[in-house]
Amino acid sequence: MTSEKLIWFNGVMVPWSQANVHVMTHALHYGSSIFEGIRAYSTPDSPAIFRLGLHMRRLWDSCKIYRMDIPFSLAELTQACKDVVTVNNYAKCFLRPLVWRGEGPLGLDGNANPIKAMVLAMEWDAYLGPDGLKNGVDVMVSSWSRLAANTIPTMAKAGGNYLSSTLIKSEALRNGYAEGIAMDINGYVAEGSGMNLFIVRDGVIYTPPATASILSGITRDSIITIAKDLKMDVRETNIQREMLYLADEIFFTGTAAEVTPVRSVDKVIVGTGMRGELTEAIQSRFFGLFDGSVEDKHGWLDYVK
Ligand SMILES: Cc1ncc(COP(=O)(O)O)c(C=O)c1O
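The model shown is predicted, which means the values in this text are computed figures rather than measured ones.

**A short note on the overall build of the protein**
- Secondary structure assignment for the protein yields eight helices and 17 strands.
- Overall, the C-alpha framework of the protein stretches about 55 × 45 × 30 Å when taken along its three principal axes.
- Within the span of the protein, comprising 305 residues, buried residues form 51% of the whole.
- Nonlocal contacts in the protein, meaning residues at least 24 apart in sequence, comprise 70% of its contacts between residues at least 6 apart.

**A closer look at the packing of aromatic side chains**
- On inspection of all chains with the given rule, the structure shows 12 aromatic pairs.
- A ring pair is formed by F94 and W124, whose centres lie 4.4 Å apart and whose planes are at 80°; its orientation type is edge-to-face. Taken together, the residues F94 in strand 6 (residues 93-101) and W124 in the loop between strand 7 (115-122) and helix 4 (130-135) connect sequence positions 30 residues apart.
- The exposure class of F94 is buried, given its relative accessible area of 3%.
- Residue W124 is classed as partly exposed on the basis of its relative accessible area, which comes to 31%.
- Through pairs of rings, three or more aromatic residues link up here, namely Y41, F50, F286, F287, F290 and W300.
- The ring of Y90 has K5 sitting right over it, with the charged end atom 4.6 Å from the ring centre.

**A short note on the side chain of R51**
- Positionally, R51 belongs in the loop between strand 5 (48-50) and helix 2 (52-65).
- A polar side-chain atom of R51 sits 2.9 Å from a polar atom in the side chain of S222.
- Setting aside chain neighbours within four positions, we find R51 in contact with I218, D221, S222 and W300.

**Observations regarding the pattern of salt bridges**
- Summed over the entire model, instances satisfying the criterion amount to 13 salt bridges.
- Between D302 and K82 there is a salt bridge; the shortest N-O distance is 3.1 Å. A residue pair is termed long-range when its members are at least 10 positions apart, and D302 in strand 17 (residues 301-303) and K82 in helix 3 (residues 74-87) qualify at 220 residues.
- Its relative accessible area of 17% is what places K82 among the buried residues.
- A salt bridge links D138 to R263, with the shortest nitrogen-to-oxygen separation between them at 2.9 Å. Of this pair, D138 sits in strand 8 (residues 137-141) while R263 sits in strand 15 (residues 258-265), and the two are 125 residues apart along the sequence.

**Focus on the site of the ligand**
- The immediate surroundings of the ligand are formed by 15 residues, with K157, Y162, E191, T219 and T255 found nearest.
- K157 places a side-chain nitrogen or oxygen 2.7 Å from an oxygen atom of the ligand.
- Measuring from an oxygen atom of the ligand, one finds a backbone N or O atom of I218 at 2.7 Å.
- About the coverage of the ligand: the protein hides 96% of its 380 Å² of free accessible area.
- Considered class by class, the residues forming the shell around the ligand number four nonpolar, seven polar and four charged.

**So, the nonpolar core**
- Counting residues in hydrophobic clusters, the biggest one holds 27 residues, and the most contacted among them are W8, I49, L77, C81, V85, L95 and V99.
- Elements that contribute at least two residues to this core include exactly strand 4 (38-41), helix 2, helix 3, strand 6 and strand 7.
- In this structure I49 touches I38, R39, A40, C81, K82, V85, L95, W300, L301, D302 and V304, once residues within four positions along its chain are discounted.

**Regarding the domain arrangement of the protein**
- What the domain assignment reports for the protein is domain 1 (2-122) and domain 2 (130-291).
- Of the roughly 1,800 Å² buried where domain 1 meets domain 2, counting both sides, 62% is carbon and sulfur surface.
- The interface formed by domain 1 and domain 2 contains two salt bridges.
- Between D221 and R51 there is a salt bridge, and its shortest N-O distance comes to 2.7 Å.
- Connecting domain 1 to domain 2 are 11 residue pairs in polar contact (both at pLDDT 80 or more).
- Elements with a minimum of two residues in the side of domain 1 that touches domain 2: strand 3 (33-35), strand 4 and helix 2.
- In terms of residues, the side of domain 1 that touches domain 2 owes the most to one element, helix 2, which gives five residues.
- Split by residue class, the side of domain 1 that touches domain 2 holds 10 nonpolar, seven polar and four charged.

**Examining the packing of helix 2 against helix 3**
- Two elements in contact, helix 2 and helix 3, have axes separated by 11 Å at closest approach and are oriented at 130°. In terms of axis orientation, helix 2 runs oblique to helix 3. For the pair helix 2 and helix 3, the crossing hand works out as right-handed. Only L74, L77, T78, C81 and K82 of helix 3 make contact with helix 2, whose side of the interface consists of L52, M56, L59 and W60.
- Taken together, the residues that form the contact of helix 2 with helix 3 break down as seven nonpolar, one polar and one charged.

Calculation notes
- Residues numbered from 1 in each chain as written.
- Predicted model: local features only at pLDDT ≥ 70, side-chain atom pairs only at ≥ 80, totals over all residues.
- Heavy atoms only, no water.
- Helix = DSSP H or I, 4+ residues; strand = E, 2+ residues; numbered from the N terminus.
- Buried < 20%, exposed > 50% of the residue type's maximum accessible area, 1.4 Å probe, protein only.
- Contact = heavy atoms within 4.5 Å.
- Phe/Tyr/Trp six-rings, centres within 6.5 Å; stacked < 30°, edge-to-face > 60°.
- Lys NZ or Arg CZ within 6 Å of the ring centre and 35° of its normal.
- Polar contact = N/O pair within 3.5 Å; in protein donor to acceptor, adjacent residues only side chain to side chain.
- Salt bridge = Lys/Arg side-chain N within 4 Å of Asp/Glu carboxyl O.
- Near = heavy atom within 4 Å.
- Areas by Shrake-Rupley, 256 points an atom, 1.4 Å probe, with all protein chains shown as cover.
- Nonpolar A, V, L, I, M, F, W, Y, C, P; charged D, E, K, R; others polar.
- Core = buried A, V, L, I, M, F, W, Y, C linked by side-chain atoms within 4.5 Å.
- Domains from an automatic or database assignment.
- Buried area = accessible area lost by both parts, 1.4 Å probe.
- Axes fitted to C-alpha atoms, helices over the stretch in contact; angles between N-to-C directions.
- Parallel < 35°, antiparallel > 145°, perpendicular 65-115°, else oblique.
- Left-handed = near helix turned anticlockwise from the far one by under 90°.

Set out below in structure tokens:
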């Protein structure tokens, strides 16, 4: 029950029901919040947070883009992430650090609004369902394009960016699909509503570059490393829409989606319609990190105890 849980709220642990903000909060009106989504996994030793350092770095980078000075140190917020796992007794959970422009004037610049921060932890199982992880999900190409360069920065993981994601996701659900894949404004494949995308054709793995309006995912980075460790050929390059229909394998990556195969795009079956060989090999390297069957040779696990 979340009602019994504690949230790290501006430096102190408060009960779930007391972590509230005022309606004059700048972020509520203008989307001026920065956040992260992080997973803590249950491992044979203790709960371990996946790539916490890199998530914190992206949080700081996002705030820098918007000139938001976080009123806590990197060490304090890093510790807060660990503390919400232990204080709430989670063996595994999803972490949501959030920094926002708080209560104050309604002026757009937001400089007079104090910067606030919180970290909460909650249960979150397979985002696209446990069946999706094994058998894949059915997706559509979205009628919405992703953000354009030099409009809203996609390198920042900011609350306002996610209006685009809600359009992509809700359109897909309304049409009976699990997810949408959006193109960038040049017509090349970008990403899902909250996940990056990889395509396999003739044994080569392709993924859109950071310049294709994607969020540079931390799972994406991990999967590129894992694929290279497995001696696979991975290329970051622009991908035409039609590659989605010709791919042998497609999979999403993300903190929420982890590594989820795509079974069909616009009702066109991907490959054999079953989870592909490369997808499965990558999944087992990834999930093996958490059950102890794969050595954490890149130091990606941050143990909380
Ligand atoms: C738009 C978008 N793309 C990609 C990702 C995947 O990023 P990560 O692997 O860091 O969770 C996310 C999730 O945070 C996202 O929201």
